[in-house]
Every structure is written in structure tokens, then in C-alpha cells.
Amino acid sequence: AEIARKRAHVFPSREAAREKWRARGTFGDWDPRALELYLRYAFAELPDGRIDLKCPGEVEATVYETGGGFDPWREIASLRVPGLLLHAGRGNCPLPFIEKFCAESDTLECRSLDAGHLLPMVAPDLLRNLPTSGLAAVVIASAIGLFEIADLRRIFRIQRWEFWLSILCLVG
């Protein structure tokens, strides 16, 4: 969360952001197409020509701090339809845990891929043949973890402007 708060959010141009992010860090491994889409849609133009991230660091930090209430393993275990669980081979979750989890399920298949947890941005071609419904499930499961109703109520009660800013960032 602190990294999100400290991250630069205003850049002189998209080219400046591209050069900074392409060289290192999280964005250094991204497929160039994904980085270009991020640069195009994640920033707003400022009147002076600079660009600003649409989602302020404080909002992103709040997502990290409050997202722990979502237990994806419980949700995945409740699936009653066939599913494919993709393991990020360069991620933080050990493959034996994923394999054991899938072995205990009648409906899950497990595949380990040579990528980190940002798989759609790092290796989009690996997902090219994944059914649209599978991709939708990934997006839905990720999005559910972003919403903590109790925290949204608290933000609404304490800082209404921050609540509405969060909603605007979500909508884009």
C-alpha cells in the first residue's frame, strides 16, 4: 500500500512514463501492447499537457489495505462447474499448494505457466485460446475482491468526496 501512495502519478508525457516504466519494476516485464493500452487509458490529460493517473495512489492503497476480506480459495472451492486454475509459475503461491487444491476438487484442472501474477499483461498470448467465459471468471473473481462494503460505507460516512472519487476512478 505504501508503494502505491509514494508512486509518481503525474508525468510530463506518456513517452516519459513509458521510458520510466519500461526500464524497471512491475511494468518492465509487461508486453509492449499491454503497456501501451495502460498508458492510453489509465491517464488523464492535464490542461498543461502533462498526464495524471486516473486512480490516485491513496485509492489504490486503500484497495490493497481492504482487499484482504476476500478469500478466493473459498470461492474457488465452491465451484460446481469445470474450471481451469492457472498457476503463476513465477508468482508467490507454491505450485504444490495449487496442485493439492485442484486434486481435492472434482471440477478443477491446474496448469502452471511461466509467468508472474500479472499474466494478462506479461504474456497475453498465453491466454489467447482461453475461452471468454474463463477470462470473465478471472475478471469477476478479481473484481469481487476490490469491494469491501463496510469500508465503502466508512469512507462515505467520513469523507464523502473520497468515496465519490473512488467511484469515479472505478468507472474511469
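All right, on to the packing of helix H2 (residues 14-23) against helix H3 (residues 32-41) then. Viewed as axis vectors pointing N to C, H2 and H3 meet at an angle of 140°, and their least axial separation amounts to 11 Å. One way to sum up the angle between H2 and H3 is to call them oblique. Every pair of crossing elements has a handedness; the one defined by H2 and H3 is right-handed. Across the interface between the two elements, Arg14, Ala17, Arg18, Trp21 and Arg22 from H2 touch Leu35, Glu36, Tyr38, Leu39 and Arg40 from H3. Of the residues in the contact of H2 with H3, the class split is five nonpolar, no polar and five charged.

The subject of this paragraph is the packing of aromatic side chains. For the coordinates displayed, the defined rule picks out ten aromatic pairs. Summarising the aromatic geometry, the rings of Phe11 and Trp21 are spaced 5.2 Å apart at their centres and angled 75° between planes, so their arrangement reads as edge-to-face. Of this pair, Phe11 sits in strand E1 (residues 10-11) while Trp21 sits in helix H2, and the two are ten residues apart along the sequence. Overall, Phe11 belongs to the buried group, its relative accessible area being 5%. Take Trp21: its relative accessible area is 6%, and that puts it in the buried class.

Glancing now at the side chain of Asp31. For Asp31, the location among the structural elements is in the loop between H2 and H3. Excluding anything up to four places from it in sequence, Asp31 contacts Met121, Val122 and Pro124.

The next thing to look at is helix H6 (residues 95-103). Looking only at H6, the buried set comprises Ile98, Phe101 and Cys102. Looking straight down H6, one finds that the buried residues subtend no more than 95° of arc, so they occupy a single side. For H6, the exposed residues lying more than 90 degrees away from the buried face are Pro96, Lys100 and Ala103. Where H6 is buried, its residues contact helix H5 (72-77), strand E4 (83-88) and strand E5 (108-113).

In this approach a probe as big as a water molecule rolls over the atoms, and the regions it shows empty are the leftover space. All told, the structure shown has one cavity of 30 Å³ or more when counted by the stated rule. By volume, the largest cavity is sized at about 30 Å³. For the largest cavity, the full set of lining residues is Ala4, Arg7, His9, Leu53, Cys55, Pro56, Gly57 and Glu60. Broken down by class, the residue content of the lining of the largest cavity amounts to four nonpolar, two polar and two charged.

What follows concerns the pattern of salt bridges. For the structure on display, the rule yields 13 salt bridges. Between Arg14 and Glu45 there is a salt bridge whose closest N-O contact spans 2.5 Å. Pair noted here: Arg14 is in helix H2 and Glu45 is in strand E2 (residues 43-45), with a separation of 31 residues, a long-range link. Of the charged contacts, one joins Arg18 and Glu36 as a salt bridge, the two residues approaching to 2.5 Å between their closest N and O atoms. With Arg18 in helix H2 and Glu36 in helix H3, the pair connects residues that are 18 residues apart, well separated along the chain. The class of Glu36 is partly exposed, set by a relative accessible area of 32%. When salt bridges with common partners are traced through the structure, they connect Glu2, Arg5, Glu58 and Glu65 into a single cluster.

This paragraph deals with the confidence of the model for the protein. It should be kept in mind that the predicted coordinates are not to be read in detail where pLDDT is low. For the protein, the average pLDDT comes to 79, and 78% of its residues sit at 70 or higher. Within the protein, the lowest mean pLDDT, 56, falls on helix H8 (residues 132-144), and the highest, 95, falls on E1.

Definitions and cut-offs
- Residues numbered from 1 in each chain as written.
- Predicted model: local features only at pLDDT ≥ 70, side-chain atom pairs only at ≥ 80, totals over all residues.
- Heavy atoms only, no water.
- Axes fitted to C-alpha atoms, helices over the stretch in contact; angles between N-to-C directions.
- Helix = DSSP H or I, 4+ residues; strand = E, 2+ residues; numbered from the N terminus.
- Parallel < 35°, antiparallel > 145°, perpendicular 65-115°, else oblique.
- Left-handed = near helix turned anticlockwise from the far one by under 90°.
- Contact = heavy atoms within 4.5 Å.
- Nonpolar A, V, L, I, M, F, W, Y, C, P; charged D, E, K, R; others polar.
- Phe/Tyr/Trp six-rings, centres within 6.5 Å; stacked < 30°, edge-to-face > 60°.
- Buried < 20%, exposed > 50% of the residue type's maximum accessible area, 1.4 Å probe, protein only.
- Arc of directions from axis to C-beta.
- 1 Å grid on protein atoms, 1.4 Å probe; cavity = no way out; pocket = protein on both sides within 12 Å on 5 of 7 lines; lining within 4 Å.
- Points joined across faces, edges and corners; volume = space filled by probe spheres on them.
- Salt bridge = Lys/Arg side-chain N within 4 Å of Asp/Glu carboxyl O.
- pLDDT = per-residue confidence, 0-100.

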